[in-house]
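Structural features, examined
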Amino acid sequence: MFFALGLTTGNLLAQSYLKVMSFNIRMSMANDSLNAWPLRRGASERMLQLERPALLGMQEVCPDQVEYLDSVLPQYRRLGVGREDGIADGEMMAIYFDTTLFDLEDWGSFWLSNTPNVPSLGWDAACKRTCTWAVLLLRQSGRRLLFLDTHLDHVGVVAREQEVRQIADSIQSLVVRQDLGEKPIVLLTADFNTGAANRIFKPLKFILNEARENAPVSDHEYTYNGFGRVQTVAEHKLQNPEEDYDDKVIIDHIFYSNVQPLTFRALREDYGAPFISDHFPVVFEVKLP
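Note that the structure is a prediction, hence the values are computed from the model and not measured. (Residues numbered from 1 in each chain as written. Predicted model: local features only at pLDDT ≥ 70, side-chain atom pairs only at ≥ 80, totals over all residues. Heavy atoms only, no water.)

**Quick notes on the environment of Arg139**
As a reminder of what qualifies: Only DSSP runs of H or I covering at least 4 residues are called helices, and only runs of E covering at least 2 are called strands; the numbering of each starts at the N terminus. Note on contacts: a residue pair is in contact if any heavy atoms of the two residues lie within 4.5 Å.
Here Arg139 is to be found in the loop between strand S6 (130–138) and strand S7 (144–151). Sequence-distant contacts of Arg139, that is, excluding residues within four places in its chain, are made with Thr99, Thr100, Leu101, Phe102 and Asp103.

**Description of the nonpolar core**
Formally: Among the buried residues, those of types Ala, Val, Leu, Ile, Met, Phe, Trp, Tyr and Cys that are joined through side-chain atoms within 4.5 Å form a nonpolar core. A simple rule labels every residue: compare its accessible area, found with a 1.4 Å probe on the protein chains alone, to the largest value its type can have, and call it buried under 20%, exposed over 50%, or partly exposed in between.
Leu18, Leu55, Phe102, Leu136, Leu145, Phe147 and Phe284 are the most contacted members of the largest nonpolar core, which totals 33 residues. For this core, the secondary-structure elements that each account for two or more residues are strand S1 (16–24), strand S4 (92–98), S6, S7, strand S8 (185–191), strand S10 (252–257), strand S11 (260–266) and strand S12 (282–288). Setting aside anything within four residues of it in sequence, one finds Leu136 in contact with Leu55, Phe97, Phe102, Asp103, Leu104, Arg143, Arg144, Leu145 and Phe147. Of all hydrophobic cores here, the second largest spans 25 residues; its members include Ala168, Ile171, Val175 and Leu188.

**Overview of the side chain of Asp32**
Here Asp32 shows up in the loop between S1 and helix H1 (37–51). Contact partners of Asp32, with chain neighbours within four places excluded, come to Arg26, Met27, Arg40 and Phe227.

**As for the confidence of the model for the protein chain**
The test is simple: One number per residue, pLDDT, summarises how confident the predictor is, and it ranges from 0 to 100.
When pLDDT is averaged across the protein chain, the result is 93; 95% of the residues are at 70 or more. Here residues 1–14 is modelled with pLDDT under 50, and outside its nearest four sequence neighbours on either side it reaches 30 contacts, counting other chains as well.

**Thoughts on the sheet that holds strand S3 (residues 76–79)**
Basically, it comes down to this: If DSSP finds at least two bridges between two strands, the strands pair. In this analysis an axis means a line fitted to C-alpha atoms, helices contributing only their contacting stretch, and an angle means the value between N-to-C directions, from 0 to 180 degrees.
In spatial order, the strands read S3-S4-S2-S1-S12-S11; together these 6 strands make up an open sheet with mixed pairing. Whereas interior strands pair on both sides, the edge strands pair on one side only; in this sheet they are S3 and S11. Looking at each pair of strands side by side, their axes are set apart by 20 degrees on average, direction ignored. Alignment of S11 against S12, held across 6 bridges, turns out to be antiparallel. Paired with Gln260 across the strands is Lys287, a residue of S12. With respect to the sheet, H1 is in contact with S1, strand S2 (55–61), S11 and S12, its orientation differing from that of S1 by roughly 165 degrees.

**Overview of the pairing of S2**
Applicable threshold: Orienting the strands away from the viewer, one traces the path from the first strand over the helix to the second; a clockwise path indicates a right-handed crossover.
Burial analysis of S2 places 7 of its 7 residues in the buried class, which makes it a mostly covered element. Note: S1 against S2, 5 bridges, orientation parallel. Residue Phe23 lies in a different strand from S2, and its bridge partner there is Met58. Between S1 and its parallel partner S2, the chain crosses via H1, and the hand of that crossover is right-handed.

**So, helix H3 (residues 157–177)**
Heads up, the condition is: The span one expects for a helix is its residue count, reduced by one, times 1.5 Å.
If you check H3, its first and last C-alpha atoms are 30 Å apart, about what 21 residues at 1.5 Å a residue would give, namely 30 Å. Burial in H3 covers these residues: Ala159, Arg160, Glu163, Val164, Gln166, Ile167, Ala168, Ser170, Ile171, Leu174 and Val175. Against the buried residues of H3 lie strand S5 (102–111), S6, S7, S8 and helix H4 (202–205). Just past H3, the residue Asp179 takes up positive phi, approximately 55 degrees.

**A short note on the packing of aromatic side chains**
Note the cut-off: Between the rings of Phe, Tyr and Trp (Trp by its six-membered ring), a pair exists once the centres lie within 6.5 Å; its type follows the angle of the planes, with under 30 degrees stacked, over 60 edge-to-face, and the other angles tilted. We count a charge as sitting over a ring when the NZ of a lysine or the CZ of an arginine lies within 6 Å of the ring centre and within 35 degrees of the ring normal.
All told, the structure shown has 7 aromatic pairs when counted by the stated rule. Between the aromatic rings of Phe192 and Phe201, the centroid separation amounts to 5.1 Å while the plane-to-plane angle is 75 degrees, which identifies the pairing as edge-to-face. Owing to a relative accessible area of 0%, Phe192 belongs among the buried residues under this scheme. For the ring pair Phe192 and Phe255, a centre distance of 5.6 Å and an interplane angle of 80 degrees mean the geometry is edge-to-face. A residue pair is termed long-range when its members are at least 10 positions apart, and Phe192 in the loop between S8 and H4 and Phe255 in strand S10 qualify at 63 residues. Through successive ring pairs, a cluster of aromatic residues spans Phe192, Phe201 and Phe255. Sitting over the ring of Tyr222, Arg268 keeps its end group 5.3 Å from the ring centre.

**Let's talk about the pattern of salt bridges**
Going by this rule: Here, a salt bridge means any Lys or Arg side-chain nitrogen found within 4 Å of an Asp or Glu carboxyl oxygen.
Taken as a whole and assessed by the stated rule, the structure comprises 14 salt bridges. When the shortest N-O distance is used, the salt bridge between Arg26 and Asp32 registers 2.9 Å. Its relative accessible area of 17% is what places Arg26 among the buried residues. Via salt bridges that share partners, Arg83, Glu84, Glu91 and Lys128 belong to a single interconnected network.

**As for the state of the cysteines**
Applicable threshold: Our working definition of a disulfide is a cysteine sulfur pair at a distance within 2.5 Å.
A complete count under the given rule lists 0 disulfides for this structure. With no disulfide of its own, Cys62 lies closest to Cys127 among cysteine sulfurs, the gap being 11 Å. What makes Cys62 buried here is its relative accessible area of 1%. Cys127 supplies the cysteine sulfur nearest to Cys131, a cysteine that is in no disulfide, at a spacing of 16 Å. In this structure Cys131 comes out as buried when scored by relative accessible area, which is 0%.

Laid out in structure tokens, this is it:
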């Protein structure tokens, strides 16, 4: 194991608190009737303006959604490529970061496949999948961190297992290549399409901690809502105690290393539309050295 897990401790003179968000925005091209993107985009913007995350990882962002978000989030810079051509075609795994807090040092994208440097389909996946990463410098403290955002395949069982392994390997490689030190700050947001207890996460949990599990104040409810067609975890388990329901509905996670976890929660408030997506955004608040 190449770097240490755990919290940075000590009576430091200054501490930085960051809010990290993962949000599957639901692709605009879907035929969602009363939940179509034009009817919920204002509410999505309102949520983002109210929460004002320092770091935002988004999934399923289509070109028209990228254009809209770029126009209403002037304080943020956006990173990412379209998964179909590596430029702008198709869904984007988009990173937004607050430019008043961070300076960008480096960034890139890779495909979750055996040919990560070119647009490609991996294993038994139904779709091309990408991971976007950025090395950011915190202006206040001078600390550097690695932030990644991705979306595992929703169909391919082999693909999801291999995608997690590839992401874990890529994190280790980036930490070394970017000279982030022995205790690097790493934050990973994603729609993993899998419950965090699933065995596929073993390579990732070897190097990172899971926010929902470790935050002192935490939300263990579902994150996939299906635009209101999903039962709560408690309701479903009363009726189907043997079914692994978490693997179907608690699928949006944040992983981290070398920060102090404070709170983890899913955002279920009313922002002016019945649902801002078929997923609830999840927010992780941390203390940085």
